[in-house]
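In case you want the letters, here they are:
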Amino acid sequence: QVQLVESGGGLVQAGGSLRLSCTASESISSMNTMGWYRRAPGKQREMVASITRGGVTNYADSVKGRFTISTNSAKNTVYLQMNSLKPEDTAVYYCNALLLLWPPGPYWGQGTQVTVSS
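None of these values were measured; they are calculated from a predicted model.

Asker: Describe in detail the sheet that holds strand S8 (residues 77–82), supporting the description with residues and values.
Answerer: Here 4 strands make up an open sheet; going across it, the order is S1-S3-S8-S7 and the pairing antiparallel. The open sheet has two edge strands with one neighbour each: strand S1 (4–7) and strand S7 (67–72). Pairs of neighbouring strands in the sheet enclose a mean axial angle of 15 degrees, with direction left out of account. Pairing geometry for S1 and strand S3 (residues 18–24), over 4 bridges, is antiparallel. Looking across to S3, one finds that Glu-6 is bridged to Cys-22.

What follows is the structure in structure tokens.
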């Protein structure tokens, strides 16, 4: 079973930046898709960004132009660079993976808290 470990969350002022990392316990070349989701207090979990094995990215409208998802295969890591952060970006951010092989998942990390102060 794939293990996903997130890091990089924290407290930042509005307009600041953070970079989240998610390291997988196996090669990300075996992943069909990897992504970042978030859950804000009192809200449902929502997709933030995703990247396919072929490098195709997808972003929520609310983060387009501010967030960038990328991968480093040598480190089995997916990143989420978050710039121009807003208080409404405050949430627990979760890493997600779908595998090429069975069982495909989804697999989830434990989450990392991002808090943006105004």
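Read on, since the account is not over.
Asker: Please give an account of the side chain of Arg-38 that cites residues and values.
Answerer: For Arg-38, the location among the structural elements is in strand S4 (residues 31–39). Given the relative accessible area of 6%, Arg-38 is considered buried. A distance of 3.0 Å separates a polar atom in the side chain of Arg-38 from a polar atom in the side chain of Asp-89. A distance of 2.9 Å separates a polar atom in the side chain of Arg-38 from a polar atom in the side chain of Tyr-93. Once residues lying within four places of it in the same chain are set aside, the contact partners of Arg-38 are Gln-44, Arg-45, Glu-46, Val-48, Ser-62, Val-63, Phe-67, Glu-88, Asp-89, Ala-91, Val-92 and Tyr-93.

Asker: Now, about the packing of aromatic side chains: what can you tell me, with residues and values included?
Answerer: Overall, the coordinates contain 1 aromatic pair when judged by the stated rule. Between Tyr-37 and Trp-108 the ring centres are 5.0 Å apart and the planes differ by 75 degrees, which places this aromatic pair in the edge-to-face class. Pair noted here: Tyr-37 is in strand S4 and Trp-108 is in strand S10 (residues 107–108), with a separation of 71 residues, a long-range link. By relative accessible area, Trp-108 is classed as partly exposed at 30%. In this structure, Arg-45 is placed above the aromatic ring of Trp-108, and the distance from its NZ or CZ to the ring centre is 4.0 Å.

Asker: An account of the pattern of salt bridges is needed here, citing residue identities and associated values.
Answerer: Applying the stated criterion across every chain yields a total of 4 salt bridges. The partner of Arg-38 in a salt bridge is Asp-89, and the shortest N-O contact between them spans 3.0 Å. Here the residue Arg-38 occupies a position in strand S4, and Asp-89 occupies one in the loop between S8 and strand S9 (91–99), the gap between them amounting to 51 residues. Taken individually, Arg-38 and Asp-89 each receive the classification buried, so the pair is uniform in this respect. A salt bridge links Asp-61 to Lys-64, with the nearest nitrogen and oxygen atoms 3.1 Å apart. Three or more residues joined by partner-sharing salt bridges are found here, namely Arg-38, Glu-46, Arg-66 and Asp-89.

Calculation criteria
Residues numbered from 1 in each chain as written. Predicted model: local features only at pLDDT ≥ 70, side-chain atom pairs only at ≥ 80, totals over all residues. Heavy atoms only, no water. Pairing = 2+ DSSP bridges. Helix = DSSP H or I, 4+ residues; strand = E, 2+ residues; numbered from the N terminus. Axes fitted to C-alpha atoms, helices over the stretch in contact; angles between N-to-C directions. Buried < 20%, exposed > 50% of the residue type's maximum accessible area, 1.4 Å probe, protein only. Polar contact = N/O pair within 3.5 Å; in protein donor to acceptor, adjacent residues only side chain to side chain. Contact = heavy atoms within 4.5 Å. Phe/Tyr/Trp six-rings, centres within 6.5 Å; stacked < 30°, edge-to-face > 60°. Lys NZ or Arg CZ within 6 Å of the ring centre and 35° of its normal. Salt bridge = Lys/Arg side-chain N within 4 Å of Asp/Glu carboxyl O.

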